[in-house]
Amino acid sequence: MSSHCLFSIEGVSFAYTGPLVLDDINLVLPPGKFYGIVGPNGCGKTTFLDLLTGCKKPHSGTIRFQDNPLSSYDKRELARQLALVPQEFDTGFGFTVEEIVLMGRHPHIDRFSSPAEKDWQAVDHAMAAIGIEELRDRYTNTLSGGQKQRVVVARALAQDTPVLFFDEATSSLDIKYTLQIFNLARNLVYNEGRTVIAVIHNLNLAAAYCDFLIFMKDGRLQQYGPTPETMTAENISEAFDVQAQVTIDPYNQAHHVSFQYFK
Ligand code: ADP
């Protein structure tokens, strides 16, 4: 097995109680790239992230992380390697923003110990990167959906892991904050060699930011490859059953998807 492999996914299937929701997924993901997972609602994207983060176990097949079975890592060790920004996060009552972001440091803090200077630095750094310092002492149940989402991204940044998963992490954000988070993720990949694996509904953001795309449909891997080769009208039509056209956006030089409206 190559040490250039971050995740190696072999014959992975998963079901909740009924039919398979992930069916024979095979994929090798090298580190240091920005991966986008795209596909229609209910095709298994979140379930797939849950398997990659070790939250759920495959019913068959194996997932290897850095050449070892994912199942061989204990929870704390995995939390030092993998951070997830989930689609929905219940920040609960009675926690301040600072406390939630500090939770990202838990895998780094010894049991029964207090946060060290480096933990507070990571919290400060994450809050500054997201621009939420002024929310520091606010209770999270008083925040808007978008503000909460930014707090949860800051928590993942504070976790300071080589791999970050985003599950539609910008769905409640306006365009400025959406671009801020995508730019931040991109910088983590290109400047620091981290890996980002993101479920993205907005195909133009996926086209602009991702190195590789994973198209999923009905629990199966439909396409996998470099973004320019996979973000095609055919693949979009096959995955989503809509008519699209893919061109090069002259403003960004990125692939751009236009949809056929009014039909
Ligand atoms: P996506 O993220 O692509 O929208 P999901 O991974 O959330 O898809 O869901 C894949 C399939 O699994 C869907 O049919 C969904 O209804 C089903 N599913 C998701 N979570 C559960 C669950 N806890 N119990 C039973 N079925 C589930």
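1. Concerning helix α6 (residues 175-192)
With 18 residues, α6 extends 25 Å between its outermost C-alpha atoms, agreeing within 8% with the 26 Å of an ideal straight helix rising 1.5 Å per residue. Along α6, the positions that sit buried rather than exposed are Thr178, Ile181, Phe182, Leu184, Ala185, Leu188 and Val189. Around the axis of α6, the buried residues are gathered within 150 degrees of arc, so they sit on the same side. Turned more than 90 degrees away from the buried face of α6, the exposed residues are Ile175, Lys176 and Asn191. At its buried positions, α6 is contacted by β3 (34-38), α4 (117-130), α5 (145-159), β7 (163-167), β8 (195-199) and α7 (203-209). Of the residues that open α6, the one with a side-chain oxygen 3.0 Å from the backbone nitrogen of Lys176 is Asp174.

2. Some words on α5
Taking 1.5 Å of rise per residue, 15 residues should cover 21 Å, and α5 covers 21 Å from first to last C-alpha, within 8% of that figure. The buried fraction of α5 amounts to 12 of the 15 residues, a majority that puts the element mostly inside the structure. Turning to α5, its buried residues are Gly146, Gln149, Arg150, Val151, Val152, Val153, Ala154, Arg155, Ala156, Leu157, Ala158 and Gln159. Positive phi appears at Asp160, one or two residues downstream of α5, with a value of about 55 degrees.

3. Topic: a nonpolar patch on the surface
A contiguous nonpolar surface patch, about 500 Å² in accessible area, is contributed by Val242, Phe259, Tyr261 and Phe262. Mapped onto the elements of the fold, Val242 is located in the loop between α9 (233-240) and β11 (244-248). Taking relative accessible area as the criterion, Val242 reaches 32% and is therefore assigned partly exposed.

4. Here we look at the nonpolar core
Phe34, Val101, Ile132, Phe166 and Met231 are the most contacted members of the largest nonpolar core, which has 48 residues in total. Sort the elements by how many residues they give to this core and α5 lands first, with seven residues. With sequence-adjacent residues up to four places away left out, Met231 is seen in contact with Leu203, Ala206, Ala207, Leu213, Phe215, Ile236, Val246, His255 and Val257. Counting 29 residues, the second-largest nonpolar core is a separate cluster that includes Ile9, Tyr35, Phe48 and Val199.

5. A few points about the pairing of strand β9 (residues 212-217)
Taking burial as the measure, the six residues of β9 include five buried ones, the bulk of the element. Note: β9 against strand β10 (residues 220-226), six bridges, orientation antiparallel. In the strand pairing of β10, Met216 is matched with Leu221. Remark: two residues form the turn of the hairpin made by β9 and β10, two consecutive strands paired antiparallel; Asp218 in that turn has positive phi of roughly 50 degrees.

6. Quick word on the site of the ligand
Residues in close proximity to the ligand include Tyr16, Val21, Pro40, Asn41, Gly42, Cys43, Gly44, Lys45, Thr46 and Thr47, which together make up its full environment. Separating an oxygen atom of the ligand from a side-chain N or O atom of Lys45 is a distance of 2.8 Å. Between the ligand and Thr47 there is a distance of 2.5 Å, counted from an oxygen atom to a side-chain nitrogen or oxygen. Bound to the protein, the ligand loses 54% of the 560 Å² it would expose on its own. No other element matches the three residues that helix α1 (residues 45-52) contributes to the shell around the ligand.

7. Observations regarding the packing of α4 against α5
The interhelical angle for the contact between α4 and α5, taken along N-to-C directions, is 140 degrees, at an axis separation of 8 Å. The orientation of α4 relative to α5 falls into the category oblique. The way α4 lies across α5 gives a crossing that is right-handed. Note on element contacts: α5 touches α4 through Arg150, Val153, Ala154, Leu157 and Ala158, opposite Ala122, Val123, Ala126, Ala129 and Ile130. In the contact of α4 with α5, the residues fall into nine nonpolar, no polar and one charged.

8. What about unusual backbone geometry?
Phi at Asp160 is positive, roughly 55 degrees, even though this residue is not glycine. Inspection of the secondary structure assignment puts Asp160 in the loop between α5 and β7. Classification of Asp160 by relative accessible area gives partly exposed; the value is 39%. The phi dihedral of Asp218 is positive, around 50 degrees, even though this residue is not glycine. Tracing the backbone shows Asp218 in the loop between β9 and β10.

The rules behind each value
Residues numbered from 1 in each chain as written. Predicted model: local features only at pLDDT ≥ 70, side-chain atom pairs only at ≥ 80, totals over all residues. Heavy atoms only, no water. Helix = DSSP H or I, 4+ residues; strand = E, 2+ residues; numbered from the N terminus. Expected span 1.5 Å × (residues − 1). Buried < 20%, exposed > 50% of the residue type's maximum accessible area, 1.4 Å probe, protein only. Arc of directions from axis to C-beta. Contact = heavy atoms within 4.5 Å. Polar contact = N/O pair within 3.5 Å; in protein donor to acceptor, adjacent residues only side chain to side chain. Patch = residues over 30% accessible without salt bridge, like charges linked within 9 Å, V, L, I, M, F, W, Y side chains within 5 Å. Areas by Shrake-Rupley, 256 points an atom, 1.4 Å probe, with all protein chains shown as cover. Salt bridge = Lys/Arg side-chain N within 4 Å of Asp/Glu carboxyl O. Core = buried A, V, L, I, M, F, W, Y, C linked by side-chain atoms within 4.5 Å. Pairing = 2+ DSSP bridges. Near = heavy atom within 4 Å. Axes fitted to C-alpha atoms, helices over the stretch in contact; angles between N-to-C directions. Parallel < 35°, antiparallel > 145°, perpendicular 65-115°, else oblique. Left-handed = near helix turned anticlockwise from the far one by under 90°. Nonpolar A, V, L, I, M, F, W, Y, C, P; charged D, E, K, R; others polar.

Such coordinate-based values are descriptive only and should not be taken to indicate function.
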